[in-house]
Amino acid sequence: MSDIGLFSAFYEQINEAAELLDEVLIALKTGSSQPGDESRQRLSNWLESMASVRSSDFGAQLMTMIMRDANIAPQKWQRLSDALRQGPVEVGTVEELGRLAEAMEQRRAGTMARMRGWTR
Amino acid sequence: MNDYFSGAIAQLLERGEVLVGKIPVDLPLEFHALSTACQTQLGVILADLRALLKDPKMAQPALQPERLRRFRRAVDQLNRLESTALNALTRADEHDLRLNRLIDRIRTEIRFPLLPPTVSALSPEYFCIVTDFNLLLAPPNEGDFLLHLPDLYHELGHPLLITKSNPRVRPFQAAFSEATNAILDALERERIKEERRSTKASQRLADSLSVWQSSWAPWWMTEFFCDLFALYTLGPAYAWSHFHLSVKRGGNPFELPIFRPTTHPADDARMTTLLCGLNQLGYNAEAGEIEARWQELIALTGAKPDPDYVRCFPKALLLKISILALEGVRGMNCRLATPGADDEVHSLLNQAWQTFWSDPHHFAAWEKQAVQRLGQI
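Since the model is a prediction, treat every value here as computed from it, not as a measurement.

1. As for the overall build of chain B
Tallying secondary structure elements over chain B gives 14 helices and three strands in all. Overall, the C-alpha framework of chain B stretches about 70 × 65 × 40 Å when taken along its three principal axes. Sequence separation of at least 24 residues holds for 75% of the intrachain contacts in chain B that already meet a minimum separation of 6. A total accessible area of about 16700 Å² is found for chain B, and carbon and sulfur atoms account for 53% of it. Treating the 40 positive side-chain charges of chain B as one cloud and the 45 negative ones as another, the clouds have centres 6 Å apart.

Take a look at the structure:
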């Protein structure tokens with residue numbers, strides 16, 4: 001398959017993760033976020049799945065690349081996951097999630113550019 | 001930026017409505033799934049844009065980074081929809097219709113476990129699949145020739161790896177995970193060994209091993225599994241098609257990335273894996289024939305592998321990948337292209353390659369008639 005196709009699968013996954021992350025960040029920043037929120041739980045579960053075992057399916061491998069870009073070491077993923085499950089989330093955690101969102105945005109934009117052929 | 005967003009989002013909403021109006025209403029049945037996907041996605045994008053414009057909390061200063069990211073995602077999704085799915089729908093001509101009927105016939109023959117993609121001959125490069133629209137793009141006019149059509153089977157492999165929560169594809173995805181773990185473990189052991197040596201050369205190799213790990217997972221393994229899916233459901237024609245593309249495309253068949261991961265593995269490694277697969281299926285004679293042609297091509301190019309090539313593509317692991325992929329294809333209950341398989345499309349595509357080699361001078365004339373027969377299948 002050409003790069004366009006490969007990257008389109010990547011793009012789909014990254015888009016989904018980026019939207020989830022922004023949804024949680026918006027709720028955290030507006031003070032409306034609760035540990036029981038569905039999106040917060042989904043994000044927590046996702047971060048935990050990245051931390052717990054070396055997941056080798058296609059989606060997990062792609063997300064591992066993004067985590068490296070955001071300088072979020074694997075051991076921090078569990079900590080972020082736990083923080084989302086508890087009550088109030090610290091400012092530092094919100095900032096870390098914001099960095100992850102920015103890393104994801106960089107990767108998403110880069111992927112879109114490659115799909116368009118700008119960087120070929 | 002509130003005033004910018006007000007103007008830009010309003011304009012995008014207008015653009016979105018124009019796009020909705022451009023979706024044809026008299027499409028053949030083969031394009032209905034794509035049309036529905038297109039309309040659904042447009043609806044979601046426009047709803048997201050309205051929320052960005054009208055939701056009072058999105059005007060808060062603290063949320064502007066999130067607003068900007070959401071805006072950019074909506075812009076890119078709209079552009080992408082316009083340039084792929086909508087383009088395919090407005091084009092939908094007789095040539096595309098024939099390709100769609102062909103892919104549906106293939107799907108039935110091989111007992112493909114998912115719905116078939118919609119096909120459009122709009123690819124600016126080679127065959128590819130745009131998975132979020134389930135849209136397979138073929139090169140223009142490729143449907144009028146036979147020797148590259150086996151690559152349709154490769155493209156069908158991609159949705160099998162990324163579809164979520166579908167038990168029918170779980171065996172293939174499990175095999176993919178097991179193969180990925182095996183190669184990553186092997187390369188990690190090598191990398192640690194080199195790091196412990198602490199020489200400049202060993203550090204360079206350790207860095208290369210790290211780049212290769214990032215290439216293998218998930219990119220290269222995806223390509224190997226899609227290659228093997230195609231081989232196991234079509235047979236030798238797919239290996240010949242890989243040979244054909246490698247002859248035409250050029251480049252170093254033993255290419256290894258140095259600084260950055262790449263998306264496609266070395267052509268030679270792909271061929272080695274395909275030959276392992278052919279032997280798994282019982283095509284020993286055909287594997288020998290293809291290997292001889294491959295070595296002839298390699299000799300002609302003068303290309304030689306780097307000394308570390310076998311550390312990146314260990315033969316034992318390529319064999320293991322071929323075995324795991326076969327288990328995965330069997331696990332999905334797909335029809336295997338063993339020597340006794342005789343479905344019409346399968347037989348025609350393999351016969352094309354047999355005819356090409358037995359009578360290359362008259363192949364083009366034979367192919368013309370065969371393509372007409374394909375259109376009647």
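Still to come is the rest of the account.
2. As for the overall build of chain A
Looking only at helices and strands, chain A features five helices and zero strands. Traced from its N-terminal end to its C-terminal end, chain A shows the element sequence α-α-α-α-α. Here chain A, with 120 residues, has 54% of them falling under the buried criterion. A sequence separation of at least 24 residues applies to 71% of the contacts in chain A between residues at least 6 apart. For chain A, the exposed surface amounts to about 5200 Å²; the carbon and sulfur share of it is 50%.

3. A look at the packing of helix α7 (residues 200-234) of chain B against helix α9 (residues 267-281) of chain B
Residue and element names in this part refer to chain B. Here α7 crosses α9 at 35°, and the two axes come no closer than 10 Å. Note that α7 runs across α9; the crossing there is right-handed. Of the residues in α9, those touching α7 at Glu223, Phe224, Asp227, Leu228, Leu231 and Tyr232 are Ala269, Arg270, Thr273, Leu274, Gly277, Leu278, Gln280 and Leu281. For the contact of α7 with α9, the residue count by class is eight nonpolar, three polar and three charged.

4. Focus on the packing of aromatic side chains
For the structure on display, the rule yields 24 aromatic pairs over all chains. One aromatic cluster in this structure is built from Trp240, Phe243, Trp353, Phe356, Trp357, Phe363 and Trp366 of chain B.

5. Looking at the nonpolar core
A general tendency of soluble globular proteins is for nonpolar side chains to be buried together. All names here are of chain B. Core analysis: the biggest nonpolar cluster contains 118 residues, and Trp216, Phe225, Phe229 and Phe313 have the highest contact counts within it. Of the residues forming this core, the biggest block, 18 residues, is contributed by α7. Among all residues touching Phe313, those that are not within four sequence positions of it are Trp216, Trp220, Phe224, Glu255, Leu256, Pro265, Ala266, Ala269 and Leu318. Leu19, Phe31, Leu86 and Val130 belong to the second largest nonpolar core, which has 33 residues in total.

6. A short note on the side chain of Asn15 of chain A
Summarising the element assignment, Asn15 of chain A is placed in helix α1 (residues 3-29). Among all residues touching Asn15 of chain A, those that are not within four sequence positions of it are Arg108 of chain A together with Arg73 and Gln77 of chain B.

7. Examining the environment of Arg189 of chain B
Structurally, the position occupied by Arg189 of chain B is in helix α6 (residues 170-197). With 20 residues separating them in the primary sequence, Arg189 of chain B and Leu209 of chain B have C-alpha atoms 9.8 Å apart.

8. Re the pattern of salt bridges
Counted under the stated rule, the structure contains 37 salt bridges over all chains. Here Glu66 of chain B makes a salt bridge to Arg69 of chain B, at a shortest N to O gap of 3.2 Å. Highlighted residues: Glu66 of chain B and Arg69 of chain B, both in helix α3 (residues 64-91), separated by three residues, approximately one helical turn. Here Glu66 of chain B and Arg69 of chain B have matching classes, each one buried. One salt-bridge network, in which partners are shared between bridges, spans Glu19, Asp22, Lys29 and Glu102 of chain A together with Glu66, Arg69, Arg70 and Arg73 of chain B.

9. A short note on the sheet that holds strand β3 (residues 135-137) of chain B
All names here are of chain B. Judged by pairing direction, the sheet is mixed, and its three strands sit side by side in the order β1-β3-β2 without closing on themselves. A strand with exactly one partner marks an edge of an open sheet, and here the two such strands are β1 (118-120) and β2 (128-130). Taking each pair of neighbouring strands and ignoring which way they run, the sheet shows an average axis angle of 30°. Alignment of β2 against β3, held across three bridges, turns out to be antiparallel. When the sheet's bridge partners are listed, Val130 is paired in β3 with Leu135. Here helix α5 (residues 151-162) sits on the sheet in contact with β2 and β3, set at roughly 30° to β2.

10. Here we look at helix α4 (residues 74-85) of chain A
Spacing of three or four residues puts side chains on the same side of an α-helix, whose turn is 3.6 residues. All names here are of chain A. With twelve residues, α4 extends 18 Å between its outermost C-alpha atoms, agreeing within 8% with the 16 Å of an ideal straight helix rising 1.5 Å per residue. Three or more residues of α4 are buried, namely Trp77, Leu80, Ser81, Ala83 and Leu84. Around the axis of α4, the buried residues are gathered within 160° of arc, so they sit on the same side.

11. A word on unusual backbone geometry
Of note, the amide linkage connecting Ala217 of chain B to Pro218 of chain B takes the cis form, showing an omega dihedral of 5°. Along the chain, Pro218 of chain B turns up in helix α7.

12. Digging into the packing of helix α8 (residues 236-249) of chain B against helix α10 (residues 284-301) of chain B
Relative orientation and spacing of two packed helices are given, respectively, by the angle between their axes and the distance between those axes. Residues and elements named next belong to chain B. Following both chains from N to C, one finds α8 and α10 inclined at 5°, their axes separated by 11 Å at the closest point. Of the possible angle classes, the one that applies to α8 and α10 is roughly parallel. Along the contact surface, α8 presents Pro236, Ala239, Trp240, His242, Phe243, Ser246 and Val247, while α10 presents Glu286, Glu289, Ile290, Arg293, Trp294 and Leu297. Across the contact of α8 with α10, the residue classes tally to eight nonpolar, two polar and three charged.

13. Regarding the confidence of the model for chain A
In this model, chain A carries an average pLDDT of 80, and 72% of its residues clear a pLDDT of 70 or more. Per-element averaging of pLDDT across chain A places helix α3 (residues 58-69) of chain A at the bottom with 68 and α4 of chain A at the top with 86.

14. Some details on the environment of Ile26 of chain A
The residue Ile26 of chain A is located in helix α1 in this model. With near-sequence residues (within four places) excluded, Ile26 of chain A lies in contact with Lys57, Met58, Leu63, Glu66 and Arg70 of chain B.

15. As for the state of the cysteines
Residues and elements named next belong to chain B. Applying the stated criterion to the full structure yields zero disulfides over all chains. The thiol of Cys276 is unpaired, and the distance to the nearest cysteine sulfur, on Cys312, comes to 16 Å. With no disulfide partner, Cys334 has as its closest neighbouring cysteine sulfur the one in Cys226, 12 Å distant. A relative accessible area of 5% means that Cys334 is categorised as buried.

16. Focus: the confidence of the model for chain B
The predicted model of chain B averages 94 in pLDDT, with 100% of residues at 70 or higher. The complex prediction reports pTM at 0.89, with the ipTM value standing at 0.86.

Calculation criteria
- Residues numbered from 1 in each chain as written.
- Chains lettered and ligands numbered in written order.
- Predicted model: local features only at pLDDT ≥ 70, side-chain atom pairs only at ≥ 80, totals over all residues.
- Heavy atoms only, no water.
- Helix = DSSP H or I, 4+ residues; strand = E, 2+ residues; numbered from the N terminus.
- Contact = heavy atoms within 4.5 Å.
- Areas by Shrake-Rupley, 256 points an atom, 1.4 Å probe, with all protein chains shown as cover.
- Lys, Arg positive; Asp, Glu negative; His and termini not counted.
- Charge placed at Lys NZ, Arg CZ, Asp CG, Glu CD.
- Buried < 20%, exposed > 50% of the residue type's maximum accessible area, 1.4 Å probe, protein only.
- Axes fitted to C-alpha atoms, helices over the stretch in contact; angles between N-to-C directions.
- Left-handed = near helix turned anticlockwise from the far one by under 90°.
- Nonpolar A, V, L, I, M, F, W, Y, C, P; charged D, E, K, R; others polar.
- Phe/Tyr/Trp six-rings, centres within 6.5 Å; stacked < 30°, edge-to-face > 60°.
- Core = buried A, V, L, I, M, F, W, Y, C linked by side-chain atoms within 4.5 Å.
- Salt bridge = Lys/Arg side-chain N within 4 Å of Asp/Glu carboxyl O.
- Pairing = 2+ DSSP bridges.
- Expected span 1.5 Å × (residues − 1).
- Arc of directions from axis to C-beta.
- Parallel < 35°, antiparallel > 145°, perpendicular 65-115°, else oblique.
- pLDDT = per-residue confidence, 0-100.
- Disulfide = S-S within 2.5 Å.

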